[in-house]
Amino acid sequence: MDYKKTVAQRIKQLVELDIETIESLIEIPPKPEMGEFAFPCFQLSKVMRKAPNMIAKDLKEKIEKDGFEKIECFGPYLNFFLDKGAFIKNTVEKILDEGDNYGSSKIGEGKNIVVEYSSPNIAKPFHVGHLFTTVIGNSLYKILSFEGYNCTGINHLGDWGTQFGKLIYAYKNWVDEDALVSEPIKELLRIYVKFHEEADLDPTLNEQAKMYFKKLEDGCDEEVELWTKFRDVSLVEFKKLYETLNVKFDSYAGESFYCDKMDDIIKDIDAKGLLVDSNGAKVVMLDEYNIPPCIIKKSDGATIYATRDLAAATYRKKTYDFHKNIYVVGKDQALHFKQVFTTLKLMGNKWADDCVHVPFGTVRFADKKLSTRKGDVIFLDELLNQAVAKTLEVINEKNPELENKEDVAKKVGIGAIVFTYLKNHRERDIVFNWEEMLSFDGETGPYVQYTYARAKSILRKVEETSKNNETDIELDYNKLNSKEEFELVKQLEGFQKSILFAIDKLEPSMVTRYVIDVAKAFNKFYNQYNISNLKDEADKKAKIKMVEATCQVIKNALGLIGIEVVDRM
Ligand code: ARG
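Residues numbered from 1 in each chain as written. Predicted model: local features only at pLDDT ≥ 70, side-chain atom pairs only at ≥ 80, totals over all residues. Heavy atoms only, no water.

### Re the overall build of the protein
Along its length, the protein carries 22 helices and 12 strands. Oriented by its inertia axes, the alpha-carbon framework of the protein measures out at about 85 × 70 × 40 Å. Here the protein, with 569 residues, has 51% of them falling under the buried criterion. Counted over contacts in the protein with a minimum sequence separation of 6, partners at least 24 positions apart contribute 72%. Accessible surface, the protein: about 26900 Å² in total, of which carbon and sulfur atoms supply 47%. For the protein, the distance from the average site of its 81 positive side-chain charges to the average site of its 93 negative ones is 4 Å. (Helix = DSSP H or I, 4+ residues; strand = E, 2+ residues; numbered from the N terminus. Buried < 20%, exposed > 50% of the residue type's maximum accessible area, 1.4 Å probe, protein only. Contact = heavy atoms within 4.5 Å. Areas by Shrake-Rupley, 256 points an atom, 1.4 Å probe, with all protein chains shown as cover. Lys, Arg positive; Asp, Glu negative; His and termini not counted. Charge placed at Lys NZ, Arg CZ, Asp CG, Glu CD.)

### Things to note about the pattern of salt bridges
Scanning the entire structure with this criterion turns up 37 salt bridges. Residue Lys345 pairs with Asp353 through a salt bridge whose shortest N-O separation is 3.1 Å. With a relative accessible area of 41%, Lys345 lands in the partly exposed category. A network of salt bridges, in which partner residues are shared, links Glu36, Glu487 and Lys490. (Salt bridge = Lys/Arg side-chain N within 4 Å of Asp/Glu carboxyl O.)

### Thoughts on the site of the ligand
Near the ligand the following residues occur: Glu116, Ser119, Asn121, His130, His156, Tyr305, Asp309, Tyr327, Val329, Gln333 and Phe337. Taking Ser119, its main chain carries an N or O atom lying 2.9 Å from a nitrogen atom of the ligand. One nitrogen or oxygen atom from the side chain of Asn121 is found 2.6 Å from a nitrogen atom belonging to the ligand. Coverage of the ligand by the protein amounts to 88% of the 350 Å² it exposes when considered alone. Residue classes in the shell around the ligand are distributed as four nonpolar, five polar and two charged. (Near = heavy atom within 4 Å. Polar contact = N/O pair within 3.5 Å; in protein donor to acceptor, adjacent residues only side chain to side chain. Nonpolar A, V, L, I, M, F, W, Y, C, P; charged D, E, K, R; others polar.)

### Some points on the environment of Ala409
Assignment of secondary structure puts Ala409 in helix α16 (residues 405-422). C-alpha separation for the pair Ala409 and Met569, spaced 160 residues apart in sequence, amounts to 8.4 Å.

### Observations regarding the UniProt feature "short sequence motif: 'HIGH' region" (unreviewed entry) in the protein
Using the residue numbers shown here, the UniProt feature "short sequence motif: 'HIGH' region" (unreviewed entry) corresponds to residues 120-130. Between the end C-alpha atoms of residues 120-130 the distance is 6 Å, and the span holds 27% helix and 0% strand. (UniProt positions renumbered as here; feature names shortened; annotations may be inferred.)

### Observations regarding the side chain of Glu147
Locating Glu147 in the fold gives a position in the loop between α6 (128-146) and β5 (150-154). Buried and unpaired, Glu147 has Lys106 as its nearest opposite-charge partner, separated by 10 Å. A polar contact is formed between the side chain of Glu147 and the side chain of Gln496, at a distance of 3.2 Å. Those residues in contact with Glu147 that lie beyond four places of it in its chain are Gly103, Ser104, Ser105, Lys106, Ile107, Gly108, Glu109, Gln496, Ile499, Leu500 and Ile503.

### A closer look at the packing of helix α19 (residues 483-493) against helix α21 (residues 509-528)
For the pair α19 and α21, the least separation of the axes is 9 Å and the interaxial angle reads 160 degrees. As the angle between them shows, α19 and α21 are arranged roughly antiparallel. Here the hand of the crossing between α19 and α21 comes out left-handed. Contacts from Glu484, Glu485, Leu488, Gln491 and Leu492 in α19 reach Tyr514, Asp517, Val518, Ala521, Phe522, Lys524, Phe525 and Gln528 in α21. In terms of residue class, the contact of α19 with α21 is built from seven nonpolar, two polar and four charged. (Axes fitted to C-alpha atoms, helices over the stretch in contact; angles between N-to-C directions. Parallel < 35°, antiparallel > 145°, perpendicular 65-115°, else oblique. Left-handed = near helix turned anticlockwise from the far one by under 90°.)

### Notes on the sheet that holds strand β8 (residues 294-297)
If you trace the three strands from one edge of the open sheet to the other, you get β6-β7-β8, paired in antiparallel fashion. The open sheet has two free edges, formed respectively by β6 (275-278) and β8, since each of these has just one partner strand. Direction aside, neighbouring strands of the sheet carry axes that sit 45 degrees apart on average. Summarising the sheet, β6 and strand β7 (residues 281-284) pair through four bridges and their orientation is antiparallel. Looking across to β7, one finds that Leu275 is bridged to Val284. (Pairing = 2+ DSSP bridges.)

### Thoughts on the sheet that holds strand β2 (residues 68-74)
Read from one edge to the other, the open sheet built from three strands follows the order β1-β3-β2, with strand pairing classed as antiparallel. Since the sheet does not close on itself, it has two edges, and those belong to β1 (37-40) and β2, each with one partner. Each strand of the sheet is rotated relative to its neighbour by a mean of 20 degrees, with strand direction disregarded. Relative to strand β3 (residues 77-82), β2 runs antiparallel, the two being bridged by six bridges.

### Quick look at α16
For α16, spanning 18 residues, the distance from its first C-alpha to its last is 25 Å, which sits close to the expected 26 Å at 1.5 Å a residue. A large share of α16 lies buried, amounting to 14 of its 18 residues. (Expected span 1.5 Å × (residues − 1).)

### Considering the nonpolar core
Core analysis: the biggest nonpolar cluster contains 151 residues, and Phe39, Phe80, Leu131, Ile417 and Tyr421 have the highest contact counts within it. When residues in this core are grouped by element, the largest group, 11 residues, is from helix α22 (residues 537-560). Once you skip the residues sitting within four places of it in the chain, Phe39 turns out to touch Ile11, Leu17, Ile22, Leu25, Ile26, Leu44, Leu59, Pro76, Tyr77, Leu78 and Phe80. Judged by nonpolar contacts, the second largest core, of 31 residues, contains Ile154, Ala253, Ile291 and Val329. (Core = buried A, V, L, I, M, F, W, Y, C linked by side-chain atoms within 4.5 Å.)

### A word on the environment of Thr420
Take Thr420: it is sitting in helix α16. Counting along the chain gives 118 residues from Thr420 to Ala302, while the straight-line C-alpha distance between them is 40 Å. Excluding residues within four positions of it along the chain, Thr420 makes contact with Ile430, Phe432 and Met437.

### Observations regarding the packing of aromatic side chains
Inspection of the entire model under this criterion finds 31 aromatic pairs. Of the aromatic side chains, those joined through ring pairs into one cluster are Tyr117, Phe126, Phe238, Tyr242, Phe249 and Tyr252. Over the ring of Phe322 we find Lys317, and its NZ or CZ is 4.9 Å from the ring centre. (Phe/Tyr/Trp six-rings, centres within 6.5 Å; stacked < 30°, edge-to-face > 60°. Lys NZ or Arg CZ within 6 Å of the ring centre and 35° of its normal.)

### So, the confidence of the model for the protein
When the pLDDT values of the protein are averaged, the result is 92; 97% of them are 70 or greater. Every residue in residues 369-376 is under pLDDT 50, and counting partners more than four places away or in other chains gives 20 contacts. (pLDDT = per-residue confidence, 0-100.)

Pasting the structure below:
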């Protein structure tokens, strides 16, 4: 039962306000002593020409109280106190009943959503910024699917563009074939960086690179063959990372996929009278929107990034008939997406309004800058390996006897990184700090996972002892009458609300914050009782159900942000 709705419906029977207004007025009181919901009577006072205190008193007399422990007035407020026993019973039973589906719904049924994420660039390392889009996108995909949306995950690989002309030049002049086999991306990066250094000294290199890219766009054999090679070796590396992270895509249609689809777009733009000549280049003017023009074709005839995005969006609409087309891309590309979406709109596509840029902040590691041009980058595989190694150290210290240590260290270590990314509002910049990230207390992945493992260990312990002495004591949720228990169940009950909030704001951190709160509430409860040694069997049984329910909710919530739980750590 949705308690807020029930409160609103009861009030609705007595007053002249519509249900949406009532719901929007309902507040959560600041203290538990004031109940779970409060309805302020100020607005009614204007309509009814009566003091709000009086209205509250009146409502208190008349309102249906069934299902609530009590309903009280606090001045101009009408406050509702849940019947705790019934609330706890309903919530815990619902969680255990629905299991892995607890929190899900069919709200999105019949709606298609395209989620584009990760989209690294071929022949360049996958860096910590790409990891940001990967984990946000992966989580949004999971969250939306959980609520019934039909999602398509797309990896819009950066596998086309003038940089391939540079790479072809660099390859022909400087490649070390052995290195290309053993560490392909590092070698491609090395020669790419070298290209920029050399081109600084001799700008004619840029002309050569342009020429090679033109040949590539024209489909010349040698250039296409080299490009395929760069793409293949890069993809092998990227897919290793996706496997480690357990991230999947439904499509790898990258920029090159749109090569043969751009002519139509350009013709369409031209036919609509939007294509303007600007110093030999073709552009769409966006002055009236106060943004620089969207460049469609460069003066040498080469198409660019934006043209491919125009083709991609059009293709996605045709292929997936999206309700929303989401781009999880860094905030430094905000202008680019504004230009693309505005151009689509000018072309007469109403659906341009359904295209959404979901930006995120920058990532730093202490003071290292993350730029591919200078080659001074943190490689992601190194980052992940370090997280796993450091977690293993902690496990060796805390629980050296643990089985499957490597597997646990992998899930917890990588989970710690994912958690760090998704912990705060996505537009906030992140500074990585190992100690903070891997700590078992504080708002971290390991803290939540450790909470889960501890809960699981109580369940194991109790199961062990009850094997020996079967009791048929009946379960009685009324035994759960402490403040800690009620607070925990209130948290557990709020899972779906946090998911819907996350969808509304396209903000996985709402789920991350939620699971932190659940873990905190659980630990308060857990520290209060020595559950496995409780003498009152009925009480123990009820508490165990609550531990089970908590495990289920933590597992579901972490799953939505792309983290796997471990039973022991
Ligand atoms: N490959 C680009 C980069 O690494 C991101 C692609 C973003 N997606 C898009 N549809 N433009 O910066």
